[in-house]
Amino acid sequence: MDRRSFLKGVAGTALIPAVNLVQAGESSSFPTQIMQASLGPSAGKLDILHGQLPSDIFGHVFMAEGISLEPGHLSPNGRGALVRFDFNNQSVSFTRKMIDTPAALMQDRVDYWADRFRLLGGLTYYSPSMGFADYCNTAPNYLGDNRFALSYEGGVPYEFDGVTLDLVTPIGRYDEWERSLPSWMNTLTPDKWLFPQIRTTGHPYFDLESNDCFTINYGGNISNLGTRHGFIRLIKWDKEGHLKSWNIIGRNGKPAFIKATAHSLGVTRNHILVFETAAQVEPLRMIGIRSVDAQRHRTPIWIIRKKDLVEGKGVVIADYLELDFDTSDTMCNYDDHENEITLYGQYLGAMDKSEAQYFWDKLHFGGRVKKAIAGYPAAPVDVGGLVRGRIQVLPEGAREIRDDFRLIRDDQLFWDMNDPAYRGHFQFPETFEHIYWAAVGYRAGHVVKRVTDAYEDYPNRFYNNENLPDYDQPSALIHFDCNRMVVTDAYQFPEDCVMRTPQFMARQGSTAQDDGYIFTAVVRKFPTQNMGNGKEIWVFDADNLDQGPVAILGSTDLNFGTTNHALWVPQIGPRPSDRYKADVSDFFRSRLDKHRSQVRAVIEQEILPRFG
C-alpha cells in the first residue's frame, strides 16, 4: 500500500473538531495531564465514547505505568501502577493498583530527613540510609499456570497475583542478586541498606515451551567508568528453585560488561542474546550536571549457546558482535535453524529514551521547558525507523549476515519509535510475520537544546539540527510486514493525542499474527466527545488500522500516567498458593535494629506481612 493512501485524511481527526484547538487558546496541543495520575487504587467500568466493541474481543490486558512524583522525574521511570482491563460480553471493566514494592512502601511512609528518598538526576530515588527505590513498572509477563511477573531495569523482578494485582514475591532472594554499583562504591555503602542497586533487563524471557526463564544481572561499572570491573551474569530459573547463574566471558577471556542499559533480551530455541540498548545513564547526572553523553550508533550483542550453560561451571563463553544501529526493544524469531538468528527492532537514531526535559531547559526553537511537563521525555532530534538484522552463529564465533540487513524510515510516521506489539507478547513466535509499533510522535516544543547539541554530528541522520521540523508530528500506530519489510497499514492520531503501549489481542478462534485487535493507551488534551478526563483506551482492528479505532473507551475514575508495556492473556485465575516464594524475611529482620523507629515500623507492619 502506498503510504500516502493510508495517511490521507487521517481518520481520527474527525473525532475532535479543529475549533476546539482554536477556542482553547493554547500554544501547544500536548496533553499535559499525562504528567499527573492517581496514586490510589480504583476500579469500575469503561464507557464507550466512540464506536462499539467487537463481539469477538475477549481476555484481559495488564498495563504498567510510571508516574512522576515531582517536576523533573522521568515519567516512564516513575512510581509504578498496574491496571487490568477485563473484556467480557462487549463490556470492559478495569482494576488499578499501585505497584507496592518494599522500596515504594518505604518511600510512601518515611519522611524523616535522614531517611527519606531524594531524586537523583531525574532518574532514580535514593535514601542515604536505605538505598535505591525499585518501582518494578516496566513490563508485565506471563509465566504460565496463572503466574505473572513484573520487571524493571533498576531492580529485581516480582511475581504478582493476576486477580488481586498484589505483589507476591521477588524472583530470587536478595542475596542471589549481585549489587550493580562498582566495588569501590559498594565498600562505602552502609551494611544496613535495605535496597541496594540491582541492574537487570526490562524484558526477562519466560519461555513457555522449555519452561525456562532467563534474565541477567549486570554492573560493576557506571557508563564508561570502571569497565574492566564490569560484569554480566546470565540467570536461569525453573520457576521453583534457586536462581542459577553464569558470568559471561568473551572469547578474549575478558568479562562482558554493559556501558549503557540492557532493555531487551533475545531468546531463540538454541541461543540467548544479551543486547546493550540505547539509554545512556550519565554518571554526572546524579549530582545535577545535565550534560548529555550521546548514544553511539551501534548495538553490542553477546551471543550465548544454551548448550554451554553447564551447571556448576560458573562461567559461559559468549561471542560478541556490534551491529551498526542503535535500538531498545528487540525481538528474535524463536526458530534459529542452521544457527541463523533473525532479529527485529526500532532504529532509534539520534534520540535517548532516558533523557528527561528539566524545568527551564533551553529549547531548540526558543523558550524554556515549563514545570508542567518537566520530567516528560525529550523529543527525538531525528526520525527513527525499523530494522531487521541477521546473525549466523559459527562453531568458534558469530558474524552478521550483512546482505540481509534492512532499514526502513519514514519522515511522517517514524518519530519516537517506541513499544512493539505482536501475537504472544513476550513469547516469540517461530517466525515473525507481523509486528505493530507505536511511534509516540514529535513535539517541536519538546526539542531540548542540550540534546540537539549532543547529537549534532550523529551518523546517518535524516534531519540535521538546522532543518528539524518546527511543527508537530502526531503519534502513529504502524503495521509492519516482516516478510516484505514494508509498512502495510498505519493510523496517525489527532494532534492532541499521545499514544503509547500497543498490545495485540487475539480474535476468538484465530491463529494468524494479524487476526485480532490492537489495544492502545491514549492521553488526549481534549477528551473524545468532550467526555471523561482524556485518559482513554483506543481499540483497532489489527488488519485495518487506517479506518481508525473501532472503539474508544474511558472513565473519569481511570487516571493513569505515562504508560509502559502491556500484556494480553485469554484468561486469568488466582495464583496457586503452594508455588514459589522467595524467603526475604531474614534479610529485613537482620537490618531491623540498625534503623530508626519509623523505618522499623514499615518493615514490621508493611513489608514482612506481605513478603516475609
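Residues numbered from 1 in each chain as written. Predicted model: local features only at pLDDT ≥ 70, side-chain atom pairs only at ≥ 80, totals over all residues. Heavy atoms only, no water.

1. Points about unusual backbone geometry
Among all residues except glycine, the phi angle is most often negative; among peptide bonds, the trans geometry is most common.
Line of reasoning, step 1. In this structure, Leu165 is a non-glycine residue whose phi angle is positive, near 70 degrees.
Line of reasoning, step 2. With respect to the helices and strands, Leu165 occurs in the loop between strand S11 (158-160) and strand S12 (167-170).
Line of reasoning, step 3. With a phi close to 70 degrees, Phe426 is a non-glycine residue in the positive phi region.
Line of reasoning, step 4. In this structure, Phe426 sits in the loop between strand S27 (417-421) and strand S28 (434-439).
Line of reasoning, step 5. A relative accessible area of 10% places Phe426 in the buried class. (Helix = DSSP H or I, 4+ residues; strand = E, 2+ residues; numbered from the N terminus. Buried < 20%, exposed > 50% of the residue type's maximum accessible area, 1.4 Å probe, protein only.)

2. A few points about the packing of aromatic side chains
Line of reasoning, step 1. Under the definition given, this model contains 35 aromatic pairs.
Line of reasoning, step 2. Measuring from ring centre to ring centre gives 4.9 Å for Phe62 and Phe148, while their planes differ by 45 degrees; the resulting arrangement is tilted. Highlighted residues: Phe62 in strand S3 (residues 59-67) and Phe148 in strand S10 (residues 147-151), separated in sequence by 86 residues.
Line of reasoning, step 3. Ring geometry for Tyr174 against Phe588: centres 5.7 Å apart, planes inclined by 80 degrees, an arrangement best described as edge-to-face. Taken together, the positions of Tyr174 in the loop between S12 and helix H4 (183-186) and Phe588 in helix H6 (residues 585-589) put the pair 414 residues apart, joining distant regions of the chain. The pair Tyr174 / Phe588 is uniform in exposure class, with both members buried.
Line of reasoning, step 4. Every member of this aromatic cluster is reached through a ring pair, and the members are Tyr205, Tyr344, Tyr422, Phe428, Phe432 and Phe480. (Phe/Tyr/Trp six-rings, centres within 6.5 Å; stacked < 30°, edge-to-face > 60°.)

3. Quick look at the sheet that holds strand S5 (residues 91-98)
Line of reasoning, step 1. The 5 strands are arranged S1-S5-S4-S3-S35 in an open sheet whose pairing can be described as antiparallel. Each edge of the open sheet is held by one strand with a lone partner, namely strand S1 (42-45) and strand S35 (562-569). Neighbour to neighbour, the strand axes of the sheet diverge by 15 degrees on average, direction disregarded. (Pairing = 2+ DSSP bridges. Axes fitted to C-alpha atoms, helices over the stretch in contact; angles between N-to-C directions.)

4. A word on the pattern of salt bridges
Oppositely charged side chains can pair when the atoms bearing their charge come close.
Line of reasoning, step 1. Enumeration according to the criterion identifies 40 salt bridges in this entry.
Line of reasoning, step 2. For Arg575, the salt bridge identified is with Glu159, shortest N-O distance 2.8 Å. Of this pair, Arg575 sits in the loop between S35 and H6 while Glu159 sits in strand S11, placing them 416 residues apart in sequence. Both residues of the pair, Arg575 and Glu159, belong to the buried class.
Line of reasoning, step 3. Between Asp361 and Arg450 there is a salt bridge, with the nearest N and O atoms lying 3.0 Å from each other. (Salt bridge = Lys/Arg side-chain N within 4 Å of Asp/Glu carboxyl O.)

5. Looking at the environment of Arg116
Line of reasoning, step 1. If you trace the backbone, Arg116 turns up in the loop between helix H3 (102-109) and strand S6 (118-120).
Line of reasoning, step 2. Taking the relative accessible area as the measure of exposure, Arg116 reaches 37% and is therefore partly exposed.
Line of reasoning, step 3. Separated by 13 residues in sequence, Arg116 and Ser129 have C-alpha atoms that sit 8.4 Å apart.
Line of reasoning, step 4. For Arg116, the residues in contact, after removing those within four places along its chain, are Val110, Asp111, Tyr126, Ser127 and Pro128. (Contact = heavy atoms within 4.5 Å.)

6. Topic: the confidence of the model for the protein chain
If pLDDT is low for a region, its predicted coordinates should not be looked at in detail.
Line of reasoning, step 1. For the protein chain, the average pLDDT comes to 93, and 96% of its residues sit at 70 or higher.
Line of reasoning, step 2. Confidence drops under a pLDDT of 50 for residues 1-27, and excluding neighbours within four residues, the segment shows 41 contacts in the predicted structure. (pLDDT = per-residue confidence, 0-100.)

7. Some words on the packing of H3 against helix H7 (residues 597-611)
Line of reasoning, step 1. At a minimum axis distance of 10 Å, the contact between H3 and H7 shows a crossing angle of 145 degrees. For the pair H3 and H7, the sense of crossing is right-handed. Between H3, through Pro102, Leu105, Met106 and Arg109, and H7, the contact on the second element is made entirely by Gln598, Val599, Val602, Ile603, Glu606, Ile607, Arg610 and Phe611.
Line of reasoning, step 2. Of the residues assigned to the contact of H3 with H7, the class counts are 8 nonpolar, 1 polar and 3 charged. (Left-handed = near helix turned anticlockwise from the far one by under 90°. Nonpolar A, V, L, I, M, F, W, Y, C, P; charged D, E, K, R; others polar.)

8. Topic: H7
Line of reasoning, step 1. A rise of 1.5 Å per residue sets the reference length of H7, with its 15 residues, at 21 Å; its end C-alpha atoms lie 20 Å apart and thus fit the reference within 8%.
Line of reasoning, step 2. Of all bends in H7, the biggest is about 35 degrees, found at Ile603.
Line of reasoning, step 3. Of all the positions in H7, only Val599, Val602, Ile603, Glu606, Ile607, Leu608 and Phe611 are classed as buried.
Line of reasoning, step 4. Each element contacted by the buried residues of H7 is listed here: H3, S11, S12 and H6. (Expected span 1.5 Å × (residues − 1). Bend = angle between axes of the 7 residues up to and from the residue.)

9. Quick word on the environment of Asn465
Line of reasoning, step 1. Residue placement: Asn465 occurs in the loop between helix H5 (449-454) and strand S29 (476-481).
Line of reasoning, step 2. You can call Asn465 buried: its relative accessible area is 7%.
Line of reasoning, step 3. With 386 residues separating them along the chain, Asn465 and Arg79 place their C-alpha atoms 34 Å apart.
Line of reasoning, step 4. For Asn465, the contacting residues outside a window of four places in its chain are His364, Thr452, Asp453 and Glu456.
Line of reasoning, step 5. For Asn465, the side chain forms a polar contact with the main-chain oxygen of Thr452, separated by 2.8 Å. (Polar contact = N/O pair within 3.5 Å; in protein donor to acceptor, adjacent residues only side chain to side chain.)

10. Here we look at the sheet that holds S10
Line of reasoning, step 1. Reading across the sheet, the 4 strands line up as S9-S10-S11-S12 and stay open at both edges, with antiparallel pairing between neighbours. The outermost strands of the open sheet, each flanked by one partner alone, are strand S9 (139-144) and S12. Across the sheet, the axes of successive neighbouring strands diverge by a mean angle of 35 degrees, strand direction being ignored.
Line of reasoning, step 2. Alignment of S10 against S11, held across 3 bridges, turns out to be antiparallel. Pairing of Ala149 across the sheet is with Glu159, part of S11.
Line of reasoning, step 3. Against the sheet, H7 contacts S11 and S12, and its axis sits at roughly 80 degrees relative to S12.

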